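Letter by letter, the chains look like this.
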Amino acid sequence: MRAADTRPTGKAAETVACGLLSDGLRNSRAEIDLRTACLPREALGRVFAQVMNGTPELFYVDSRLSYTYDAAGDVLSVTPVYRMAGEELEAARRFWHDTLDQVMASLHEAQTARQAVPVGGRPAGSEADTVLFLHEYLAQTYDYDTAGGNFDALSLFRDGVGVCQAYALAFMALGRAAGLEVDMVTSREMDHAWNHVRVGDAWYHVDVTWDDPAPDTPGIVSHQYFLISDARLNGLDTGASHIWNEELQARTSTKYEDGWAFNGSWYPLYRWSGAYYYVKFGSNPYEYALYRTDDLSQIGISIVGQLANGYDSRFGALWLNGFLYDTTAAGAERILWRCSLDDGSRAEVGRIPFTETASEDGAYPADRDGVGLRYAAETGEVEAISR
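Just so we're clear, the structure is a prediction, and the values are computed from it rather than from any experiment.

A.B. asks: What exactly am I supposed to notice about the environment of Gln224 here?
C.D. replies: Inspection of the secondary structure puts Gln224 in the loop between α7 (208-211) and β9 (226-228). Considering only alpha carbons, one finds Gln224 and Ala250, 26 residues apart in sequence, at a separation of 19 Å.

What follows is the structure in structure tokens.
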């Protein structure tokens, strides 16, 4: 009687191969032995992508690899290509961990500013609060890489620019560091990547790339693709449905799609004096008002009923030290306003010359030009930045 064949097959073979490949790449092995996985060579690309897409800290591994296989077509070994080694890799890893630590410190500070921390515990910020913080951080801090050269999260952190894959890997790394369950979703049809994240008992889509405008405008952050279901994701007027490669359980929860402070907002939300501040748009899409809420799930109260009647999504805003700075049109200028979050008083503080101009590289026409606002710490001034 012959012994039963216990070699892994199918999904089991891929699971074993993922473990072996992940361990080998984490340890920068020159050759990784996959014989015990019995992995068919046609599955190697899928397994390699699964490991790379699920492990943001493998930023030093190139997308190329070579492999050997036996007569049956099973992979024997893999020879990866590493972009970094030795002192360069160690320095990159230190930078990586320092970046994650800095963002987690900022998250901790933001959460403790809103509520007391249990003795010996972490801030009790909700998972939705944490997801929002990371969404706003990435969209406000980094820009889309129109040159298309930065695909990994380290390059995004280091250079300040990255493509959708870099955004998704960075969101995954930061989310996991904050204790969230986060994965990356990919689409061959769209040549695109984004995330899904678990909040409570349900999973949701988050696409930071599509919520960060290109060309970049400091002070503009969309929330169209924030904590949404499959139906909402594919119902948005984007010109293309999101089609993904991974086998995902249906994302059916619509909990965060209506009635929350961030719904429909094109400015980042701001934490100040224990509350959230945000700009809400009225029935007339060009009207916008300033609101305050203690809970993201509530609309809150209006501080200023109408900031202006000329909102344009090409122009950003800035929250700074308890004030909202924004601009409105005035002929060939933009009026710079400052609004107090304490009493709602609003005053003109400057004028910005502005003429729509196409980008120098020809990537964007003049009608895509706008003005963003940012704080220059070195001068202590609010700067206007043209797209």
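A.B. asks: Whenever I open this one, the pairing of strand β12 (residues 288-293) confuses me. Can you help?
C.D. replies: Look at any regular strand and the pattern is simple: side chains alternate between the two faces of the sheet. Within β12, 5 of the 6 residues are buried, which leaves the element mostly enclosed by the surrounding structure. Where strand β11 (residues 275-281) meets β12, 6 bridges bridge the pair, whose relative direction is antiparallel. The partner of Lys280 across the bridge, within β12, is Ala289.

A.B. asks: What should I look at first to understand the side chain of Asp74 in this one?
C.D. replies: Relative to the helices and strands, Asp74 is located in the loop between β2 (61-69) and β3 (75-82). On the basis of relative accessibility, which here comes to 16%, the residue Asp74 falls in the buried class. Among all residues touching Asp74, those that are not within four sequence positions of it are Cys38, Leu39, Pro40, Thr68 and Tyr69.

A.B. asks: Hey, could you run me through the sheet that holds strand β6 (residues 181-187) in this one?
C.D. replies: Paired through backbone hydrogen bonds, the strands of a sheet run either parallel or antiparallel to each other. If you walk across this open sheet you meet the 4 strands as β6-β7-β8-β9, and the pairing is antiparallel. At either end of the open sheet lies a strand with only one pairing partner, and these are β6 and β9. Averaged over all adjacent pairs, the angle separating strand axes in this sheet is 35°, with direction ignored. Two elements, β6 and strand β7 (residues 192-199), share 7 bridges in a ladder whose sense is antiparallel. Bridge pairing in β7 links Thr186 to Ala193.

A.B. asks: Is there a simple way to explain the sheet that holds β2 in this structure?
C.D. replies: As summarised here, the arrangement of the 3 strands in space is β1-β3-β2, forming an open sheet in which the pairing is antiparallel. Looking at which strands have only one partner, the edges of the open sheet turn out to be β1 (32-33) and β2. The pairing of β2 with β3 spans 6 bridges and is antiparallel. Among the inter-strand pairings, Tyr69 is bridged to a residue of β3, identified as Val75. Across the sheet, helix α2 (residues 44-53) touches β2 and β3, and the angle it forms with β2 is around 145°.

A.B. asks: Please clarify how the confidence of the model for the protein chain should be interpreted in this entry.
C.D. replies: Do not read the predicted coordinates in detail wherever pLDDT is low. Averaged over the protein chain, the pLDDT score is 88; the fraction of residues at 70 or greater is 90%. Note on residues 116-124: pLDDT is under 50 here. Beyond four places in sequence and across chains, it has 8 contacts.

A.B. asks: What exactly am I supposed to notice about the pairing of β3 here?
C.D. replies: Both β1 and β3 contribute to a ladder of 2 bridges, which runs antiparallel. Each residue of the ladder has a partner; that of Asp33, found in β3, is Ser77. From the end of β2 to the start of β3, which pair antiparallel, there are 5 residues, and Gly73 there has a positive phi angle of about 90°.

A.B. asks: Can you help me understand the environment of Glu257 in this one?
C.D. replies: Along the chain, Glu257 turns up in the loop between α8 (230-235) and β10 (270-272). Residue classification places Glu257 among the buried residues on the basis of a relative accessible area of 7%. In the structure, Glu257 is positioned 201 residues away from Pro56 in sequence and 28 Å away in space, judged by C-alpha atoms. The contacts of Glu257, once residues within four sequence positions are left out, are Leu227, Ile228, Ser229, Arg232 and Asn263. Side-chain polar atoms of Glu257 contact the backbone nitrogen of Ser229, separated by 2.7 Å.

A.B. asks: Would you mind showing me how to read helix α6 (residues 164-177) here?
C.D. replies: Residues that lie three or four places apart on an α-helix share one face, since the helix turns once every 3.6 residues. Spanning 14 residues, α6 covers 20 Å between terminal C-alpha atoms, matching the ideal 20 Å at 1.5 Å per step. Among the 14 residues that make up α6, 11 are buried, leaving the element largely enclosed by the rest of the structure. Cys164, Ala166, Tyr167, Ala168, Leu169, Ala170, Phe171, Met172, Ala173, Leu174 and Gly175 are the residues of α6 that are buried.

A.B. asks: What should I look at first to understand the nonpolar core in this one?
C.D. replies: Across soluble globular proteins, you tend to see nonpolar side chains buried next to one another. With 75 residues, the main nonpolar core has Leu25, Val131, Phe171 and Leu227 as its most contacted residues. Of the residues forming this core, the biggest block, 10 residues, is contributed by α6. In this view, Val131 contacts Phe171, Leu180, Val197, Val199, Val206, Phe226 and Leu227; residues no more than four positions away in its chain are not counted.

A.B. asks: I'm lost on the side chain of Ser253 in this one. Help?
C.D. replies: Mapped onto the elements of the fold, Ser253 is located in the loop between α8 and β10. Polar contacts involving the side chain of Ser253 include one to the side chain of Tyr204, which spans 2.6 Å. Among the polar contacts made by the side chain of Ser253, one reaches the main-chain amide nitrogen of Lys255 at a distance of 3.4 Å. Among all residues touching Ser253, those that are not within four sequence positions of it are Ala202, Tyr204 and Ser229.

A.B. asks: Is there a simple way to think about the environment of Glu383 in this case?
C.D. replies: Counting through the fold element by element, Glu383 comes out in strand β19 (residues 381-386). We classify Glu383 as partly exposed; its relative accessible area is 24%. Between the C-alpha atom of Glu383 and that of Val371, which follows or precedes it by 12 residues, the distance is 9.8 Å.

Analysis parameters
- Residues numbered from 1 in each chain as written.
- Predicted model: local features only at pLDDT ≥ 70, side-chain atom pairs only at ≥ 80, totals over all residues.
- Heavy atoms only, no water.
- Helix = DSSP H or I, 4+ residues; strand = E, 2+ residues; numbered from the N terminus.
- Buried < 20%, exposed > 50% of the residue type's maximum accessible area, 1.4 Å probe, protein only.
- Pairing = 2+ DSSP bridges.
- Contact = heavy atoms within 4.5 Å.
- Axes fitted to C-alpha atoms, helices over the stretch in contact; angles between N-to-C directions.
- pLDDT = per-residue confidence, 0-100.
- Polar contact = N/O pair within 3.5 Å; in protein donor to acceptor, adjacent residues only side chain to side chain.
- Expected span 1.5 Å × (residues − 1).
- Core = buried A, V, L, I, M, F, W, Y, C linked by side-chain atoms within 4.5 Å.

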